[in-house]
Amino acid sequence: MNYFNWLKFTKIYFAISLAAIAIGFFAIANWGFPLGLDFTGGAVIDYEMAGKSADELKVKFEEAGIPVYQIISSGEDRLVVKTKNLSSEEEAKTQEIAGGLEITRLQLQNVGPSVGPELVRKTIVAIVIAAIAILLWVALSFKKFSFGISAILAMLHDSMILVGMFALFGHFWGAQIDFLFVTAMLTTLSFSVHDTIVVFDRIREIQKKHGGQITTVANRAIAETMRRSIINSLTIIFMLIALVALGGDTVRWFAAALLVGAVSGTYSSPFVAVPLFVFLTRLQKRLKKE
C-alpha cells in the first residue's frame, strides 16, 4: 500500500514552527511576560454589587486610570476586582467608584505574590528533571536515544509556542500568566509527549514487522495514527473553544492556554517530532559510515 509522503513537506513544517516561535520571541522581547498577581502581587477589592454589572465596574476603573486584571464573581451580588498595588490616592478612587455606582466597597487588601522566586526556581528544576526522566524513559523503552531526544525537542517546541502566544495575548487582550497558566503548561507537556509516543510506538511496530527505509516507515506511521490523533484532539479542542468563548474570566485564559497547547501538541507530534527523529536517524547512520 502506498502512503502519502508527509515528510516531503518537512521544510514547510519547520518553517511554520520557526515562524510561530519567532513571533512569540518578538512579543516577549517587546512587551515582556504578562505576569499576574500570583507572581507580582497587587490589590484585591471586594464590592457588593446590588443591581450593577461587572462591565459597569470595569468601565469606572478604566476611567479612573486603574487597570483591571480580573473581575471574579464571589457570590450573589458580589464581585472581586484584582488590580495592581494601589497608592493611597488610587485606593480613595476605588471608594469614589463605589459611591458613583451606588454600591458598597466591602474591603480592599494589598496582597503579595503567591508564587515567589523560590517556587519558580523549584518549578523550573522540576521541569528539567521531568524532561531528563522522559528522555531516558523513552530512549530505554524504544531502545534508541533519537526517540527520546525528538520527543523532548517537540515538547520544548510546544512550550515556547505557548509562552510566546501568551505574550501576544497579554499585549492585545490583557491575558496574564498566573498559577493556572503554569498548570496549563505542565498539562501541555504531558499531552505533547503522550501524542508523540503514540506515533513513535507505531514506527517501532512497523520497523519490527516490515522493516524498510526510515522515511517509508515514518510516513506509514503518520498516516496510520493521524486519524486517531485528530479525532482525540478535536474532542478536547472543541470543549476548550467552548470554555474560551462561554467561560467566565476565572477559567477563560486557563482554557486558552490549554487550547494553544492542544493545537501545538497535535501539530508537533507528526510534523516536528517525527521529522526530527528521521533526521537524527539519518545523521546517526551517516556518522557510523564515516
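To keep things clear, this report deals only with the structure shown in the data block. Because the structure is a prediction, the values reported are computed rather than measured.

1. Some words on the overall build of the chain
Along the chain, the regular secondary structure elements total nine helices and four strands. In sequence order, the secondary structure elements of the chain are arranged as α-α-β-α-β-β-α-β-α-α-α-α-α. For a compact globule of 290 residues, the expected C-alpha radius of gyration is about 19 Å, and the chain comes in at 24 Å, more than 25% above that figure. In the chain, which comprises 290 residues, the proportion classed as buried is 41%. Surface summary for the chain: the accessible area is close to 15800 Å², and the carbon and sulfur share equals 63%. Treating the 27 positive side-chain charges of the chain as one cloud and the 23 negative ones as another, the clouds have centres 22 Å apart.

2. Notes on the packing of aromatic side chains
For the coordinates displayed, the defined rule picks out 19 aromatic pairs. Pairing Phe26 with Trp31 gives two aromatic rings, centres 5.9 Å apart and planes at 85 degrees, and the pair type is edge-to-face. A residue is classified by how much of its surface remains accessible, and Trp31, at 35% relative accessible area, is partly exposed. Note on Phe147 and Phe200: the rings are 5.0 Å apart at their centroids and 65 degrees apart in plane angle, and the pair reads as edge-to-face. Pair noted here: Phe147 is in helix α6 (residues 145-173) and Phe200 is in helix α7 (residues 179-209), with a separation of 53 residues, a long-range link. Overall, Phe200 belongs to the buried group, its relative accessible area being 0%. An aromatic cluster is built from Phe26, Trp31, Phe166, Phe169, Phe172, Trp173, Phe181 and Trp253, whose rings are joined through pairwise contacts.

3. Describing α6
Its 29 residues place the ends of α6 41 Å apart at the C-alpha level, agreeing with the 42 Å of an ideal helix rising 1.5 Å per residue. The element α6 is largely enclosed, with a buried count of 21 among its 29 residues. One or two residues past the end of α6 sits Gly174, with phi positive at roughly 80 degrees.

4. A look at the packing of helix α1 (residues 10-31) against helix α9 (residues 249-289)
Two numbers describe how α1 lies on α9: the axes approach to 10 Å, and their chain directions differ by 120 degrees. Considering the angle they form, α1 stands oblique to α9. Crossing of α1 against α9: the hand is left-handed. Two secondary-structure elements touch here, α1 through Thr10, Tyr13, Phe14, Ile16 and Ser17 and α9 through Tyr267, Phe271, Val272, Pro275 and Leu276. For the contact of α1 with α9, the class distribution of residues is eight nonpolar, two polar and no charged.

What counts and what doesn't
- Residues numbered from 1 in each chain as written.
- Predicted model: local features only at pLDDT ≥ 70, side-chain atom pairs only at ≥ 80, totals over all residues.
- Heavy atoms only, no water.
- Helix = DSSP H or I, 4+ residues; strand = E, 2+ residues; numbered from the N terminus.
- Rg over C-alpha atoms; globule rule 2.2 N^0.38 Å.
- Buried < 20%, exposed > 50% of the residue type's maximum accessible area, 1.4 Å probe, protein only.
- Areas by Shrake-Rupley, 256 points an atom, 1.4 Å probe, with all protein chains shown as cover.
- Lys, Arg positive; Asp, Glu negative; His and termini not counted.
- Charge placed at Lys NZ, Arg CZ, Asp CG, Glu CD.
- Phe/Tyr/Trp six-rings, centres within 6.5 Å; stacked < 30°, edge-to-face > 60°.
- Expected span 1.5 Å × (residues − 1).
- Axes fitted to C-alpha atoms, helices over the stretch in contact; angles between N-to-C directions.
- Parallel < 35°, antiparallel > 145°, perpendicular 65-115°, else oblique.
- Left-handed = near helix turned anticlockwise from the far one by under 90°.
- Contact = heavy atoms within 4.5 Å.
- Nonpolar A, V, L, I, M, F, W, Y, C, P; charged D, E, K, R; others polar.

No statement about biological role is implied by the geometric values presented.
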